[in-house]
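The lines below spell out each chain.
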Amino acid sequence: MQIVKQSWEFLNEPNGEQILQLIEIAGRTCYKSEDKITPESSRAFVKKLIDSGHHAMIEHGSITVKMITDRGVTHEIVRHRIASYAQESTRYCNYSKDKFGNEITVILPVWFYDERDTTQKRIQYSRWEDACRQAEFYYLSLLDAGQTAQEARSVLPNSLKTEIVMTANPREFRHFFTLRASKAAHPQMRALALDMLKGFKATIPVLFDDIYPEVNNE
C-alpha cells in the first residue's frame with residue numbers, strides 16, 4: 001500500500017490576462033462600450049464587475065485543474081454542478097494489476113502531516129493506517145476469489161487516492177473557493193482548496209483577490 005499527500009495542477013495553464021480581456025469584451029458588449037477597451041483596461045473593468053455583483057460576466061472563460069485527493073473529498077467537489085468532471089473509476093481500475101503496482105494508494109489525512117509526535121496522534125495514525133491496510137487486504141482477496149473490480153470496490157476506504165479533472169468557469173471556481181476554503185469546510189477539503197486558491201491568485205489577476213484576502217499569492 002502506498003500513502004501519498006494530496007496535490008493539484010492546472011491542466012490548461014491559464015493566461016490570466018487573456019481571461020480578463022475576454023470577460024471585458026463580453027461585458028462591454030452589453031453597453032456597446034467596446035471603444036473604451038485599452039491594453040490596460042481589463043483589470044479595472046473586471047474588478048468593477050466583481051465589486052458591483054455583476055458576476056454573470058465572469059462566467060466567460062474556462063479553467064481546468066486536475067486534483068489528486070481522497071474519495072471523500074471528491075464527493076464534495078462534484079456537488080459543484082456547473083462544472084465538467086472526469087474521475088478515476090473504481091469500477092474499471094483494478095488495483096491488483098501491474099499498472100497500479102498490485103496495491104492500492106491512499107491519501108494521507110492532513111491532520112497527520114505534522115501531528116504524529118504525541119502518543120494520541122501516533123495511536124490515531126496507527127489505527128488509520130491499519131484500517132487502510134485491512135481494506136487493501138480484503139479488496140485484493142475478493143479479486144483473487146473471483147469478484148470484479150466494481151464488486152470488490154465496496155470495501156475500499158474513503159481515504160483511497162483518486163484523480164479528478166474539473167473544468168469550470170471563473171464564477172463557479174469563486175463559488176468553489178468560497179465554500180471549500182472556509183473554516184467550516186472539511187479539513188482535507190479545505191487544505192486542498194486553500195492551496196489551489198493560492199495558485200489561482202498567483203496565476204489569474206483580480207478574479208480571486210477578494211476571496212479570503214488573507215491567503216497570500218506567493
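What counts, and at which threshold
- Residues numbered from 1 in each chain as written.
- Predicted model: local features only at pLDDT ≥ 70, side-chain atom pairs only at ≥ 80, totals over all residues.
- Heavy atoms only, no water.
- Helix = DSSP H or I, 4+ residues; strand = E, 2+ residues; numbered from the N terminus.
- Buried < 20%, exposed > 50% of the residue type's maximum accessible area, 1.4 Å probe, protein only.
- Contact = heavy atoms within 4.5 Å.
- 1 Å grid on protein atoms, 1.4 Å probe; cavity = no way out; pocket = protein on both sides within 12 Å on 5 of 7 lines; lining within 4 Å.
- Points joined across faces, edges and corners; volume = space filled by probe spheres on them.
- Nonpolar A, V, L, I, M, F, W, Y, C, P; charged D, E, K, R; others polar.
- Salt bridge = Lys/Arg side-chain N within 4 Å of Asp/Glu carboxyl O.
- Arc of directions from axis to C-beta.
- Pairing = 2+ DSSP bridges.
- Axes fitted to C-alpha atoms, helices over the stretch in contact; angles between N-to-C directions.
- Left-handed = near helix turned anticlockwise from the far one by under 90°.

Novice: I'd love a proper account of the environment of Pro205, names of residues and values included.
Specialist: With respect to the element layout, Pro205 can be found in the segment after helix H7 (187-203). You can call Pro205 buried: its relative accessible area is 15%. With 112 residues separating them in the primary sequence, Pro205 and Cys93 have C-alpha atoms 38 Å apart. Among all residues touching Pro205, those that are not within four sequence positions of it are Gly16, Glu17, Leu20 and Arg43.

Novice: Describe the layout of surface pockets, naming the residues involved and giving the relevant values.
Specialist: With a probe scaled to a water molecule rolled over the atoms, the places where space remains empty come into view. Its volume calculated, the largest pocket comes out at about 180 Å³. In this structure, the largest pocket is lined by Arg28, Tyr31, Ser33, Lys36, Phe45, Lys48, Leu49, Ser52 and His54. Breaking the lining of the largest pocket down by element, the ones donating at least two residues are helix H1 (16-31) and helix H2 (42-52). Ranked by residue count, the leading element in the lining of the largest pocket is H2, at 4 residues. Of the residues belonging to the lining of the largest pocket, the class tally is 3 nonpolar, 3 polar and 3 charged.

Novice: Describe the pattern of salt bridges, naming the residues involved and giving the relevant values.
Specialist: Counted by the stated rule, this structure contains 11 salt bridges. Here Arg133 makes a salt bridge to Glu129, at a shortest N to O gap of 3.1 Å. Of this pair, Arg133 and Glu129 both sit in helix H4 (residues 119-144), 4 residues apart, roughly one helical turn. Residue Glu129 is classed as buried on the basis of its relative accessible area, which comes to 19%. When the shortest N-O distance is used, the salt bridge between Lys161 and Glu163 registers 3.2 Å.

Novice: Lay out H2 in plain terms, naming residues and giving numbers.
Specialist: Along H2, the positions that sit buried rather than exposed are Ser42, Phe45, Val46, Leu49 and Ile50. Each buried residue of H2 sits inside an arc of 135 degrees when the element is viewed along its axis, so together they form one side. Exposed side of H2, more than 90 degrees from the buried face: Ala44, Lys48, Asp51 and Ser52 are the residues found there. On its buried face, H2 sits against H1 and helix H6 (170-180). Of the residues trailing H2, Gly53 is marked for its positive phi of about 80 degrees.

Novice: Please set out the sheet that holds strand E6 (residues 161-168) residue by residue, giving values where relevant.
Specialist: With respect to topology, 4 strands assemble into an open sheet ordered E2-E3-E6-E4, the strand pairing being antiparallel. On the outer flanks of this sheet lie strand E2 (7-10) and strand E4 (84-87), each paired with one strand and no other. Across this sheet, the average inter-strand angle for adjacent strands is 20 degrees, counted without regard to direction. As paired elements, strand E3 (residues 63-70) and E6 share 8 bridges and run antiparallel to each other.

Novice: Can you break down the pairing of E2 residue by residue, with the values?
Specialist: Alternating residues of E2 divide into Trp8 and Phe10, all buried, and Ser7 and Glu9, none buried. Both E2 and E3 contribute to a ladder of 4 bridges, which runs antiparallel. Its bridge partner being in E3, Glu9 is matched across the sheet by Lys66.

Novice: Please set out unusual backbone geometry residue by residue, giving values where relevant.
Specialist: Residue Val206 is not a glycine yet carries a positive backbone phi of 70 degrees. Positive phi values are uncommon outside glycine, yet Tyr212 reaches one of about 45 degrees. Within the secondary structure, Tyr212 sits in the segment after H7. Relative accessible area serves as the criterion here: at 22%, Tyr212 is assigned to the partly exposed category.

Novice: Mind laying out the packing of H1 against H2, listing which residues take part and the relevant values?
Specialist: Two elements in contact, H1 and H2, have axes separated by 9 Å at closest approach and are oriented at 65 degrees. For the pair H1 and H2, the sense of crossing is left-handed. Here Glu17, Leu20, Gln21, Ile23, Glu24, Gly27 and Arg28 of H1 come into contact with H2, specifically with Ser42, Arg43, Phe45, Val46 and Leu49. Across the contact of H1 with H2, the residue classes tally to 5 nonpolar, 3 polar and 4 charged.

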